[in-house]
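Spelled out from the first residue to the last, the chains are:
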Amino acid sequence: MAYVIAEPCIGTKDTACVDACPVDCIHPKKDEPAHATEELLYIDPVECIDCGACVPVCPVSAIFALDDLPEKWHAFTERNAKYYGR
Ligand code: SF4
């Protein structure tokens, strides 16, 4: 488990992180059907290489390294992983 997208992404889904990610591990993208129905974007915990490139580009500061994730958003760790069946 590496980086996690948390609550600030809900209703935002900006996707600047998608463009910044070098390994394409943030979904659903704008051209994927699930983008319309999912509340937020998710990081694949297996594919993520911990580069941190997505963090500064997020306009709502929704992305955290696992160690920096606020306790109140702890559940988002599982939520990100679950989207990928991890
Ligand atoms: Fe992608 Fe790097 Fe962010 Fe992981 S930390 S989701 S590899 S941009």
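Residues numbered from 1 in each chain as written. Predicted model: local features only at pLDDT ≥ 70, side-chain atom pairs only at ≥ 80, totals over all residues. Heavy atoms only, no water.

Caption draft 1: Representation of the overall build of the protein. Looking only at helices and strands, one finds 3 helices and 4 strands in the protein. Traced from its N-terminal end to its C-terminal end, the protein shows the element sequence β-α-β-α-β-β-α. Its C-alpha atoms give the protein a radius of gyration of 11 Å, within 12% of the compact-globule value 12 Å for 86 residues. Principal axes of the C-alpha set define a box for the protein whose edges measure 30 × 25 × 25 Å. Scored against the burial criterion, the 86 residues of the protein give a buried share of 44%. Within the protein, residue pairs in contact and separated by at least 24 positions form 74% of the contacts whose partners lie at least 6 positions apart. Charge separation in the protein, taken as the distance between the mean sites of 7 positive and 15 negative side-chain charges, equals 5 Å. (Helix = DSSP H or I, 4+ residues; strand = E, 2+ residues; numbered from the N terminus. Rg over C-alpha atoms; globule rule 2.2 N^0.38 Å. Buried < 20%, exposed > 50% of the residue type's maximum accessible area, 1.4 Å probe, protein only. Contact = heavy atoms within 4.5 Å. Lys, Arg positive; Asp, Glu negative; His and termini not counted. Charge placed at Lys NZ, Arg CZ, Asp CG, Glu CD.)

Caption draft 2: Highlighting the pattern of salt bridges. By the definition in use, this model includes 5 salt bridges. A salt bridge links glutamate 39 to arginine 79; the shortest N-O distance between them is 2.6 Å. Note that glutamate 39 is positioned in the loop between α2 (34-37) and β3 (42-43) and arginine 79 in helix α3 (residues 75-83), a separation of 40 residues in sequence. Given the relative accessible area of 40%, glutamate 39 is considered partly exposed. What emerges from the salt-bridge pattern is a single network uniting Asp44, Glu47 and Arg86. (Salt bridge = Lys/Arg side-chain N within 4 Å of Asp/Glu carboxyl O.)

Caption draft 3: Representation of the site of the ligand in the model. Close to the ligand lie 13 residues, the nearest being Cys21, Cys48, Cys51, Gly52 and Cys54. Residue composition of the shell around the ligand, grouped by class: 12 nonpolar, 1 polar and no charged. (Near = heavy atom within 4 Å. Nonpolar A, V, L, I, M, F, W, Y, C, P; charged D, E, K, R; others polar.)

Caption draft 4: Examining the nonpolar core more closely. Membership of the largest hydrophobic core comes to 26 residues, with the highest contact counts inside it found for Tyr3, Ile5, Cys17, Ile26, Leu41, Ile43 and Ile63. Broken down by secondary-structure element, the contributors of at least two residues to this core are β1 (3-5), α1 (16-20), β3 and β4 (63-65). Once residues within four sequence positions are removed from consideration, cysteine 17 is found in contact with Ile26, Leu41, Cys54, Val57 and Ile63. (Core = buried A, V, L, I, M, F, W, Y, C linked by side-chain atoms within 4.5 Å.)

Keep in mind these values describe shape, not function.
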